[in-house]
Amino acid sequence: MDSESVRRELRLGENTRAWLSRIDELGPPPEPIRLPRGDEVRDLLRRLEVPDPDVEEIVAATPDPDRDPALWWLLERAHHEIVRHMGDPKVKVRGGPTLPYETGAAARYFHVYVFLATIPALRRFHATRDIPEATTWETLTQLGESVAIHRRKYGEGGTHMPWWLTFLVRGLVYRLGRLQFSLVVARDGTPVLGMHVPEVGGPLIPDIYNDSLRRARPFFDRHFPEHGARVATGTSWLLDPQLAEYLAEDSHILQVRRDWTLIDSEPEDGDDAILEFVFRYNGQPLEELPQRSALERAVVTHLKAGRHWHQRSGRVELP
Ligand code: CO8
């Protein structure tokens, strides 16, 4: 098989050519991949909080090297690209695109299979860094969140934001309580921790947020002493100052962001981001969006008034 025949068979777009030829050059991984099957994968997926209907579909569609040679070709090389730079934040690897769904369930769940095939290498890497098992498993539950959001948004199985799963399974992201932190090297070479608020885990109660923030520096100083980050940074709809026009002063979002300093000169357009994170928006008219919470009402009122939301970048000192 070569990258062009794989591209044709899986109906990948022209824009995937550069990635395909890169991973073609890389070749298969030195150690053959193994996908767990049957009850082994069922138990693993449940542990990763993948919802039941998806678990069964993922088990049934698990690709096989003889039956699905093109998909297997892609799987091996996508996995190889990830493990090659395990734990190195200076190398950018976003993983492959979402595959066109018309070739079947195995294509829809492609990034789940890459994730599953890479867990053993990630666990070996975590062991070399003495990462507690509980942190490994807590971090890996992002797979369940990604699959659940995809189903809620599109009504069928798949993975939402597969590039984030790639980051995570490359050993760059760690969930410590309510928050995730990622190893990042800023453009000027400064090491920082990227902060992320996963959806699963309940409201952003300040005590819970602060507990998580307090865990970050000791964790990274112990397991990644060469990194040495002293600040966390983030780009988010949560940092848009305009939210203060709508939310109560004691809202969690307004409380936890008080220690943050904005560091961007020009705000980025944030309409898509806030619609995504509040509604998992999929193009419906604004009139049809639910209006149950203060935030849901704020997002719609603001847009209907012809105004725009912003994504802002900020930083906070790590305690
Ligand atoms: N959808 C609908 N309503 C919401 C949502 C939401 N996503 N979030 C909050 N609300 C409602 C609340 O129910 C409350 O309503 P009411 O006053 O009517 O009772 C009101 O808005 C105010 O909410 P709070 O400020 O108290 O916030 P919560 O603690 O309820 O929720 C969460 C905050 C947990 C962040 C929630 O919005 C959520 O789960 N969002 C999805 C995940 C997400 O958006 N993550 C952020 C992605 S960007 C990123 O990770 C980088 C972050 C870097 C900067 C961090 C700065 C702190």
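An unreviewed UniProt entry lists the protein chain under the name Acyltransferase, with Streptosporangium carneum as the source organism.

This part covers the overall build of the protein chain. Looking only at helices and strands, the protein chain has 14 helices and 7 strands in total. Over its C-alpha atoms the protein chain spans a radius of gyration of 20 Å, differing by no more than 12% from the 20 Å that the globule rule assigns to 319 residues. Scored against the burial criterion, the 319 residues of the protein chain give a buried share of 51%. As presented, the protein chain carries roughly 15200 Å² of accessible surface, and 50% of it is formed by carbon and sulfur atoms.

For helix H2 (residues 17–26), the complete set of buried residues consists of Trp19, Leu20 and Ile23. The arc that holds the buried residues of H2, viewed along the axis, is 95°, so those residues lie on one side. H2 presents Ala18 and Glu25 as exposed residues on the side facing more than 90 degrees away from its buried surface. Buried-residue contacts for H2 involve helix H1 (3–9) and helix H5 (69–84). Backbone geometry just after H2 places Gly27 at a positive phi near 80°.

This part covers the pattern of salt bridges. Considering all chains together, one arrives at 33 salt bridges under this definition. Between Glu76 and Arg77 there is a salt bridge; the shortest N-O distance is 3.5 Å. The exposure classification of Glu76 matches that of Arg77, with both residues buried. Of the charged contacts in the structure, one is a salt bridge between Lys153 and Glu276, with a shortest N-O distance of 2.5 Å. Note that Lys153 is positioned in helix H9 (residues 142–154) and Glu276 in helix H13 (residues 271–279), a separation of 123 residues in sequence. In this pair, the class of Lys153 matches that of Glu276, namely buried.

For the rest of this paragraph, the subject is the confidence of the model for the protein chain. The predicted structure's coordinates, where accompanied by low pLDDT, should not be read in detail. Overall, the predicted model of the protein chain reaches an average pLDDT of 97, with 100% of residues at or above 70. Reported for the predicted complex are a pTM of 0.97 and an ipTM of 0.99.

As annotated in UniProt, the feature "domain: GNAT-like C-terminal" (unreviewed entry) corresponds to residues 173–315 in the numbering used here. Along residues 173–315 the backbone is 30% helical and 23% strand, and the end-to-end C-alpha distance reaches 18 Å.

The local shell around the ligand holds 25 residues, among which Val197, Leu204, His252, Ile253 and Ser293 are the closest. For the ligand, an oxygen atom lies 2.8 Å from a polar atom in the backbone of Ile253. Considering the ligand on its own, with 1100 Å² of exposed area, one finds that the protein chains cover 79% of that surface. Elements supplying a minimum of two residues to the shell around the ligand: strand E3 (191–196), strand E4 (231–236), helix H12 (252–256), H13 and helix H14 (294–304). For the shell around the ligand, a count of residues per class yields 14 nonpolar, 8 polar and 3 charged.

Moving on, we come to H5. In a regular helix each residue adds 1.5 Å, so 16 residues correspond to 22 Å; H5 covers 22 Å between its end C-alpha atoms and thus fits that length. Here H5 lies mainly inside the structure; 13 of its 16 residues are buried.

Considering the arrangement of structural elements, one finds His111 in helix H7 (residues 110–128). The exposure class assigned to His111 is buried, which follows from its relative accessible area of 7%. From its side chain, His111 meets the backbone oxygen of Gly96 in a polar contact 3.5 Å long. Beyond its immediate chain neighbours, meaning those up to four positions away, His111 contacts Gly96, Pro97, Thr98, Thr159 and Pro162.

Think of a ball as big as a water molecule: rolled over the atoms, this probe shows where empty space is left. Summed over all chains, the structure comprises 3 cavities of 30 Å³ or more. Estimates place the volume of the largest cavity at around 50 Å³. Lining the largest cavity we find Glu49, Glu138, Thr139, Thr141, Gln142, Glu145, Arg175, Gln180 and Val200. Elements supplying a minimum of two residues to the lining of the largest cavity: helix H8 (133–140) and H9. Of the residues belonging to the lining of the largest cavity, the class tally is 1 nonpolar, 4 polar and 4 charged.

Further remarks concern the nonpolar core. Within the largest apolar cluster, 73 residues are counted, with the highest numbers of intra-cluster contacts made by Leu45, Leu48, Leu74 and Leu116. Residues within four places of Leu116 in sequence aside, it is in contact with Leu35, Pro36, Val41, Leu44, Leu45 and Leu48. Counting residues in hydrophobic clusters, the runner-up holds 16 residues, among them Leu238, Leu254, Phe279 and Trp309.

Definitions and limits used
Residues numbered from 1 in each chain as written. Predicted model: local features only at pLDDT ≥ 70, side-chain atom pairs only at ≥ 80, totals over all residues. Heavy atoms only, no water. Helix = DSSP H or I, 4+ residues; strand = E, 2+ residues; numbered from the N terminus. Rg over C-alpha atoms; globule rule 2.2 N^0.38 Å. Buried < 20%, exposed > 50% of the residue type's maximum accessible area, 1.4 Å probe, protein only. Areas by Shrake-Rupley, 256 points an atom, 1.4 Å probe, with all protein chains shown as cover. Arc of directions from axis to C-beta. Contact = heavy atoms within 4.5 Å. Salt bridge = Lys/Arg side-chain N within 4 Å of Asp/Glu carboxyl O. pLDDT = per-residue confidence, 0-100. UniProt positions renumbered as here; feature names shortened; annotations may be inferred. Near = heavy atom within 4 Å. Polar contact = N/O pair within 3.5 Å; in protein donor to acceptor, adjacent residues only side chain to side chain. Nonpolar A, V, L, I, M, F, W, Y, C, P; charged D, E, K, R; others polar. Expected span 1.5 Å × (residues − 1). 1 Å grid on protein atoms, 1.4 Å probe; cavity = no way out; pocket = protein on both sides within 12 Å on 5 of 7 lines; lining within 4 Å. Points joined across faces, edges and corners; volume = space filled by probe spheres on them. Core = buried A, V, L, I, M, F, W, Y, C linked by side-chain atoms within 4.5 Å.

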